[in-house]
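The chain contents come next:
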Amino acid sequence: MSQPLAINGGTPVRDINTKPWTKWPFYDKTEEEALLRVLHSDNWWYMEGTEGKTFETEFAEMHNAKYAVACVNGSAALEVSLRALGIGCGDEVIVPPYTFIATVAAVLTVGATPIFVDIEGDTLNIDPTKIEEAITPRTKAVIPVHIAGRPADLDGVLEFAHKHHLHVIEDAAQAHYAEWRGTKVGAIGDFGTFSFQASKNLNAGEGGIILTNNEELADRAWSVTHVGRVRSGGKYRHEVLGGNYRMTEFQSALLRTQMQRLPEQTQKRTENAKYLRSRLLAIEGIELPKEDPRITVDAYHLFTMRFNPEAFGGKSKAELVKALHAEGIPCTSGYVPLYKESIFATHSNKQGARCQVGQRPDYPNLNLPVCEQVCKENLWLFQNMLLGNPSDMDDVVTALDKIQRAWR
Ligand SMILES: *Cc1c(COP(=O)(O)O)cnc(C)c1O
């Protein structure tokens, strides 16, 4: 006999009123002191303070990178990187379709054309073997996104990028502290961009940073971020067209304290994710991302799993998400293929259109089969859930098992 599901009035596996999930964010006196230190310093501005510059150095060091440029958010970090590489009108940039809108919006904003390349079903990241066929004489860069905190196949991406002289911008907005073959992601490509928006694994409400190992690129990114100033130049010397993308001293001070929690939090997420993985093996029809020894640290911004409707009585993903929520397991169904977003059907993208050199892709009629399938079948759990205990993970397994029994 299966138990009545919570969506049908049964008792939920987890009552989130009495047993809430681990709260996010974490802070204590350390954060209070950091914020008050800036407040009382009277220096709230990057240019005159020390917090921003120190944060840049510390974040770069933590991520095995030589240079860092802090900025307002992860979207701006992408835009600044593209501008620093001189990418704009008439250029094409290869992007995956399974990502947050910002990856692609940045490309459109600088006037370039996003070219979607399908993902791998078992990693959710861009499929490097499909990059080559998307390259044209106008292709300037590729943006691998480390979705869910799992590094994309950078060996594969870099191989094709080098062969065709393309720049690589890693969108690491979800991948703080993640590691590819022993090196932190972010400066393995030409640039790597991060976000400190509230949901991300390192949080200041908003914020962003750009990493690189190339000094000249670092200086150019700095200039674009700082209204076109040059690092060594005067306040009213502007050599390139930039904007004001600066982060405040409050954010930097907060991030410096939050950053100290990151290694331990990452460790905790990894332990819980491993435990959850091992227990989910017993649930038929739940498939987990492939393990890859080249991923030496997975940041687990999300815990992703693929469900096979056949093992759940033919129910849809939306029905499963609803049933899990009712059982006290927050989860989301995640992205839709980005090229299906109405911005591509309705938005004339004037800037892009003015710049258009080749044929603009027929976005609404694109069909990248792996991405389409993944969007039908993938579910996410949030990173804060992985900061709990194994018994929290047990609730996820119990709920899936309960739902499966009821639907079979
Ligand atoms: C969050 C996110 C961004 C954008 O970062 P913001 O700080 O919110 O602007 C870009 N790319 C990906 C993959 C993201 O998850």
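Structural data are supplied above this passage.
Reading guide: rules and limits
- Here, residues in each chain are numbered from 1, in the same order as that chain's written sequence.
- Totals for whole chains, interfaces and linings use all residues, but because this is a predicted model, local features are given only for residues with pLDDT of at least 70 and pairs of side-chain atoms are given and counted only at 80 or more.
- To obtain the side-chain values, all non-hydrogen atoms of the structure were used and water was disregarded.
- By definition, any uninterrupted DSSP run of H or I lasting at least four residues is a helix, any uninterrupted run of E lasting at least two residues is a strand, and each is numbered from the N terminus.
- Note on classification: 1.4 Å probe, protein chains only; a residue is buried when its accessible area is under 20% of the maximum for its type, exposed when over 50%, partly exposed between these limits.
- Note on charges: Lys and Arg go in the positive column, Asp and Glu in the negative column, and His and the chain ends are not counted at all.
- We define a salt bridge as a contact between a side-chain nitrogen of Lys or Arg and a carboxyl oxygen of Asp or Glu at a distance within 4 Å.
- Distance and chemistry together define a polar contact, namely a pair of N or O atoms within 3.5 Å, with one atom able to donate a hydrogen and the other to accept it when in protein, and with adjacent residues in sequence counting only for side-chain atoms on both sides.
- Contact definition: two residues touch when any of their heavy atoms are within 4.5 Å.
- As defined here, a cavity is a set of points on a 1 Å grid over the protein atoms alone where a 1.4 Å probe fits but cannot get out. A pocket is an open set with protein on both sides within 12 Å along at least five of seven lines, and residues line them when an atom is within 4 Å of a point.
- Grid points are joined across faces, edges and corners, and a volume is the space filled by probe spheres set on the points.
- When residue character is reported, Ala, Val, Leu, Ile, Met, Phe, Trp, Tyr, Cys and Pro are called nonpolar, Asp, Glu, Lys and Arg charged, and the others, Gly included, polar.
- Aromatic rings from Phe, Tyr and Trp, taking only the six-membered ring of Trp, are treated as a pair when their centres fall within 6.5 Å; an angle between ring planes under 30 degrees marks them as stacked, one over 60 as edge-to-face, and anything in between as tilted.
- Over a ring means this: the NZ of a Lys or the CZ of an Arg is within 6 Å of the ring centre and within 35 degrees of the ring normal.
- Definition of nearness: a residue and a molecule or strand are near each other if at least one heavy atom of the residue lies within 4 Å of the molecule or strand.
- Note on areas: these come from Shrake-Rupley sampling with a 1.4 Å probe, and a residue is covered only by the protein chains present in the view.
- For a molecule to be placed in a cavity or pocket, more than half of its atoms must lie within 2 Å of the grid points of that cavity or pocket.
- Any two strands with at least two DSSP-identified bridges between them are counted as paired.
- Each patch is built from salt-bridge-free residues with over 30% relative accessible area, joining like charges within 9 Å and nonpolar side chains (Val, Leu, Ile, Met, Phe, Trp, Tyr) within 5 Å.

**Q** How should the side chain of Glu56 be read in this particular structure?
**A** Among the structural elements, Glu56 can be located in helix α2 (residues 51-62). Buried within the structure, Glu56 lacks any salt-bridge partner; its nearest side chain of opposite charge belongs to Arg231, at an N-O separation of 5.3 Å. Engagement of the side chain of Glu56 in a polar contact is seen with the backbone nitrogen of Ala70, the distance being 2.8 Å. Once residues within four sequence positions are removed from consideration, Glu56 is found in contact with Tyr46, Ala68, Val69, Ala70 and Ile209.

**Q** Sorry, what's going on with the layout of surface pockets here?
**A** Once rolled over the atoms, a probe with the size of a water molecule shows which space is left empty. Space inside the largest pocket adds up to approximately 450 Å³. What lines the largest pocket is a set of 25 residues, and nearest its centre among them are Phe100, Gln174, Gln197, Ser199 and Lys200. Those elements that place two or more of their residues in the lining of the largest pocket are α3 (74-84), α4 (101-109) and β13 (378-382). Residue composition of the lining of the largest pocket, grouped by class: 10 nonpolar, 12 polar and 3 charged.

**Q** Explain α3 here, please?
**A** Since the α-helix turns once every 3.6 residues, residues separated by three or four places project in the same direction. Burial analysis of α3 places 9 of its 11 residues in the buried class, the great majority of the element. All buried positions along α3 are accounted for by Gly74, Ala76, Ala77, Leu78, Glu79, Val80, Ser81, Leu82 and Ala84. Its side-chain oxygen at 3.1 Å from the backbone nitrogen of Ser75, Asn73 defines the N-terminal cap of α3. Gly86, located one to two residues past α3, shows a positive phi value of around 75°.

**Q** Got a minute to help me understand the packing of aromatic side chains in this structure?
**A** Any aromatic ring pair is given by two values, namely how distant the centres are and how the planes are angled relative to each other. All told, the structure shown has 13 aromatic pairs when counted by the stated rule. The interplanar angle of 50° and the centroid separation of 5.7 Å between the aromatic rings of Phe55 and Phe59 together place this pair among those described as tilted. In this pair, Phe55 and Phe59 are both assigned in helix α2, 4 residues apart and thus about one turn of the helix distant. On the basis of relative accessible area, Phe55 is assigned to the buried category, the value being 0%. An angle of 70° between the planes, with centres 5.6 Å apart, marks the rings of Phe55 and Phe196 as edge-to-face. Taken together, the positions of Phe55 in helix α2 and Phe196 in the loop between β8 (191-195) and β9 (208-212) put the pair 141 residues apart, joining distant regions of the chain. Across the pair, exposure class does not vary: Phe55 and Phe196 are buried alike. Aromatic rings pair up to connect Phe55, Phe59, Phe194 and Phe196 into one cluster. The positively charged end of Lys53 is found above the aromatic ring belonging to Tyr46, 5.5 Å away from the centroid.

**Q** Teacher, can you tell me more about the site of the ligand here?
**A** Lining the immediate environment of the ligand, one finds 15 residues, of which Gly74, Ser75, Asp171, Ser195 and Lys200 sit closest. Contacts to the ligand include Ser75, whose side-chain N or O atom sits 2.5 Å from an oxygen atom. Contact distances for the ligand include 2.8 Å between a nitrogen atom and a side-chain N or O atom of Asp171. Contact with the protein chains hides 93% of the accessible area of the ligand, taken as 380 Å² for the molecule alone. Spatially, the ligand is embedded in the largest pocket. Looking at the shell around the ligand, the elements that each hand over two or more residues are α3 and α4. The class makeup of the residues in the shell around the ligand is 4 nonpolar, 9 polar and 2 charged.

**Q** Where do I start with the pairing of strand β12 (residues 302-307) in this structure?
**A** Remark: a regular strand shows side chains that alternate across the two faces of the sheet. With respect to burial, β12 is a largely interior element, 6 of its 6 residues being buried. Strand direction decides the pairing type here: strand β10 (residues 286-287) and β12, joined by 2 bridges, are antiparallel. When the bridges of β12 are listed, Ile286 appears paired with Phe307. In this structure, β12 lies alongside β13, joined through 5 bridges in antiparallel fashion. Looking across to β13, one finds that Met305 is bridged to Leu379.

**Q** Which parts of the structure should I look at to understand a nonpolar patch on the surface?
**A** On the surface, a nonpolar cluster with roughly 290 Å² of combined accessible area is contributed by Leu36, Leu39 and Trp44. Its place among the elements puts Leu39 in helix α1 (residues 29-41). Taking relative accessible area as the criterion, Leu39 reaches 35% and is therefore assigned partly exposed.

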